[in-house]
Amino acid sequence: MAKGYLIAQVTVANREAYARYSEAAGELLKTYGAKVIVRPESAIVKEGNPKARTVIFEFDTFERAKAFWDSPEYDMAKKLRAGAADGDFILIEGVE
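Residues numbered from 1 in each chain as written. Predicted model: local features only at pLDDT ≥ 70, side-chain atom pairs only at ≥ 80, totals over all residues. Heavy atoms only, no water.

Caption draft 1: Here's a closer look at the overall build of the protein. Counting its regular elements, the protein contains 3 helices and 4 strands. In the protein, the succession of helices and strands from N to C terminus is β-α-β-β-α-α-β. Relative to the globule expectation of 12 Å for 96 residues, the C-alpha radius of gyration of the protein, 13 Å, shows essentially globular dimensions. Across its three principal directions, the C-alpha atoms of the protein cover 35 × 35 × 15 Å. With 96 residues in all, the protein has 33% of them scored as buried. Of all intrachain contacts in the protein linking residues separated by at least 6 positions in sequence, the fraction that spans at least 24 positions is 82%. Entry remark: accessible area of the protein is about 6,400 Å², with carbon and sulfur atoms responsible for 51%. Side-chain charges of the protein comprise 14 positive and 15 negative groups, with the mean position of each set lying 4 Å from the other. (Helix = DSSP H or I, 4+ residues; strand = E, 2+ residues; numbered from the N terminus. Rg over C-alpha atoms; globule rule 2.2 N^0.38 Å. Buried < 20%, exposed > 50% of the residue type's maximum accessible area, 1.4 Å probe, protein only. Contact = heavy atoms within 4.5 Å. Areas by Shrake-Rupley, 256 points an atom, 1.4 Å probe, with all protein chains shown as cover. Lys, Arg positive; Asp, Glu negative; His and termini not counted. Charge placed at Lys NZ, Arg CZ, Asp CG, Glu CD.)

Okay, structure coming up:
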């Protein structure tokens, strides 16, 4: 089975509120077995206008990534992010 990835690009507007989201989402990401596979601080933008921070999470399977995103627990965490950050989120399947 191919791995699954969540690509998140975020610009934080309210650090305190975003920290609450980050804590809730971080615990849930661990529960679903996700791991960070890039160092966001090392990004060098060569072209375009991405958000301030890009993070890529790897899941054992694409189905596991979708299960995380669609879970009621993550739905609650997303509500903590509302108004705290502007973000783009992509679920994508890896190649075997």
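Caption draft 2: Local environment of helix α3 (residues 72–81). Buried within α3 we find Tyr74, Ala77 and Arg81. All buried residues of α3 lie within an arc of 60° about the axis, which places them on one face of the element. Of the exposed residues in α3, those oriented more than 90 degrees away from the buried face are Pro72, Met76 and Lys79. Residues of α3 that are buried sit in contact with α1 (15–31), α2 (62–70) and β4 (85–93). Looking one or two residues past α3, Gly83 carries a phi angle of roughly 80°, positive in sign. (Arc of directions from axis to C-beta.)

Caption draft 3: Broad picture of the sheet that holds strand β1 (residues 4–12). Taken in spatial order, the 4 strands make up an open sheet running β2-β3-β1-β4, and their pairing is antiparallel. A single partner strand is all that each edge strand has here, and the edge strands are β2 (35–36) and β4. Bridge count between β2 and strand β3 (residues 53–59): 2 bridges; the pairing is antiparallel. Across the sheet, Lys35 pairs through a bridge with Glu58, a residue of β3. Along the sheet, α1 makes contact with β1, β3 and β4, crossing β1 at roughly 170°. Packed onto the sheet, α2 meets β1, β3 and β4 and runs at close to 150° relative to β4. (Pairing = 2+ DSSP bridges. Axes fitted to C-alpha atoms, helices over the stretch in contact; angles between N-to-C directions.)

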